[in-house]
Amino acid sequence: MSDLAIRVEGLGKEFHIGALQTDRYRTFGDALVEAITTPVRRARLLLSGRATGAAELDQSLWALRDIEFEVKPGEVVGVIGRNGAGKSTLLKILSRITEPTTGFAEIHGRVGSLLEVGTGFHPELTGRENVFLNGAILGMSRAEIRAKFDEIVAFSEIEKFIDTPVKHYSTGMGLRLAFAVAAHLDPEILIVDEVLAVGDASFQRKCLGKMGEVAHQGRTVLMVSHNMSAITQLCERTLLLDGGELVMDGPSSEIVSSYLSADGAVASRWSRADHPDESDEKRDLVMDSVEIRAADASATDVVAFEDSFTVEIRYTVRQSMSGIAVLFGVIDQKGDVVWSSWDTDSTDWSEKLRTPGSYLSRCTVPPHLLRPGRYYLNVAAHVPGVRMLDTRKQAVGFDVSTVGYGFTHKRPGVVTPQLEWDVSRNGG
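Undergrad: So what exactly am I meant to see when it comes to the packing of aromatic side chains here?
TA: In this description, a pair of aromatic rings is defined by centroid distance and the angle of the planes. All told, the structure shown has six aromatic pairs when counted by the stated rule. With a centroid separation of 6.1 Å and an interplanar angle of 90°, the aromatic rings of tryptophan 349 and tyrosine 359 are classed as edge-to-face. With tryptophan 349 in the loop between strand 16 (337-342) and strand 17 (353-354) and tyrosine 359 in strand 18 (residues 357-365), the pair connects residues that are 10 residues apart, well separated along the chain. On the basis of relative accessibility, which here comes to 27%, the residue tryptophan 349 falls in the partly exposed class. The ring of phenylalanine 15 has lysine 13 sitting right over it, with the charged end atom 5.3 Å from the ring centre. Lying over the aromatic face of tryptophan 349, lysine 352 brings its terminal NZ or CZ to 4.0 Å of the ring centre.

Undergrad: When you look at the nonpolar core in this model, what are you seeing that I'm missing?
TA: Here is a general trend for soluble globular proteins: nonpolar side chains tend to be buried in one another's company. Of all hydrophobic cores here, the largest spans 49 residues; its most connected members are Ile80, Leu177, Phe179 and Met211. A per-element tally of this core places helix 6 (residues 171-184) first, with nine residues. Filtering out sequence-adjacent residues up to four positions away, leucine 177 remains in contact with Phe121, Gly127, Val131, Ile152, Ser156, Ile158, Ile162 and Tyr169.

Undergrad: What's the story with the sheet that holds strand 8 (residues 237-242) in this structure? I'm lost.
TA: For sheets, the rule is that strands pair by backbone hydrogen bonds, running either parallel or antiparallel. Taken in spatial order, the six strands of this open sheet run 5-6-7-3-8-9, and their pairing is mixed. The sheet terminates laterally at strand 5 (111-114) and strand 9 (245-251), the two strands that pair on one side only. Adjacent strand axes in the sheet meet at a mean angle of 15°, parallel and antiparallel pairs treated alike. Summarising the sheet, strand 6 (residues 189-193) and strand 7 (residues 220-224) pair through five bridges and their orientation is parallel. In the sheet register, isoleucine 189 faces strand 7, and the bridge partner there is threonine 220.

Undergrad: Would you take a moment to explain the side chain of threonine 416 for this structure?
TA: Position of threonine 416 relative to the elements: it lies in the segment after strand 20 (387-401). Beyond its immediate chain neighbours, meaning those up to four positions away, threonine 416 contacts Phe305, His368, Leu369, Leu370, Arg371, Tyr405, Phe407 and Arg411.

Undergrad: Could you clarify how one ought to interpret the sheet that holds strand 11 (residues 285-293) in this entry?
TA: An order of 10-11-13-18 is seen for the four strands of this open sheet, with the pairing classed as antiparallel. Among the strands making up the open sheet, the edge pair consists of strand 10 (269-271) and strand 18. Between one strand axis and the next, the sheet turns through 20° on average, direction left out of account. Here strand 13 (residues 309-317) runs beside strand 18; their pairing, made up of nine bridges, is antiparallel. Each bridged residue has a counterpart across the sheet, and for valine 317 the counterpart in strand 18 is glycine 357.

Conventions and cut-offs
- Residues numbered from 1 in each chain as written.
- Predicted model: local features only at pLDDT ≥ 70, side-chain atom pairs only at ≥ 80, totals over all residues.
- Heavy atoms only, no water.
- Phe/Tyr/Trp six-rings, centres within 6.5 Å; stacked < 30°, edge-to-face > 60°.
- Helix = DSSP H or I, 4+ residues; strand = E, 2+ residues; numbered from the N terminus.
- Buried < 20%, exposed > 50% of the residue type's maximum accessible area, 1.4 Å probe, protein only.
- Lys NZ or Arg CZ within 6 Å of the ring centre and 35° of its normal.
- Core = buried A, V, L, I, M, F, W, Y, C linked by side-chain atoms within 4.5 Å.
- Contact = heavy atoms within 4.5 Å.
- Pairing = 2+ DSSP bridges.
- Axes fitted to C-alpha atoms, helices over the stretch in contact; angles between N-to-C directions.

This is the structure in structure tokens:
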């Protein structure tokens, strides 16, 4: 048995982003049409001055460049970085979905991948048939799959629909079954890409628990996530990618802290208009903006310890729904959740119907609470125990200054409230 589960050396991936290339499957008809239209398109771009030659018509982008690392059997390794850093491309290469342009990646062991919801599922086959298909792809015998089948179905919680074609599944149902298959079919190496980004809160907790079990079973795990708390909780080691390059590799707590504080300044406002996403058009509720305001109602990214501040979350409801909760979680530089608060905690909106329209949920955080340092807000809207409607990780950030922090000695803990005490002497 090899003393390495994964070995990556000089790995690079180049994509062509010009009008001449696509990543989708191409038919003969596509090639014929392209052969006829490409010269015309080239001429039009050249005449309009928008391109001066073939190089500008067919530009390239290095999604990964000179990546090198090793993973030992039984290691649980996180992969983090901003959108576009190359995380998903790396996992696709390791999963043998995409070929590298340079370098190589050695994989020693049977690999199970969960890169996107429903990856490897055939829409015309039932859930049951897809479980057996995925097991066969992993090289498992029918008897091995059958021994795990009941456990997979129970975890996915879709027993009633297991004999229904997958094309009729909702996104959440597809995720449940996909994760259950990937986690239960005993691959020696499990590669997971942002599995916690979809699904309701209870299922996300269930996935975290299962990932913890897999890690303790001694299997090798490579996990991409924007959930820094999950990374620090499950992974002892983390890789940080930036611009397609591996910039840090070390203990998860150190890498996460460095990643969250890398920018120097933080943004006190997030707006969907500045971060468009095609998937937003499919949501029944979508976040529009998140903003932090000081006690005087001005936008701010620095809050004094002695002052209160307000979190404002604006969102649009597209379908009438009841039972919605809008919330935010305060995240420290280790990626841990300090606390979370829901807009149903002190209002009567827990059962009220939210009809289509624009809404504002506002929460005031009292002074003398968070110790000086940097924090981030995760914001979300969900129907508790049913489904996640929208979520934005580390949407905004802010610093708590030492103004008003009058403690004479350093206090341990993230929360340092100034509580009321009474001191008296007993007896005479």
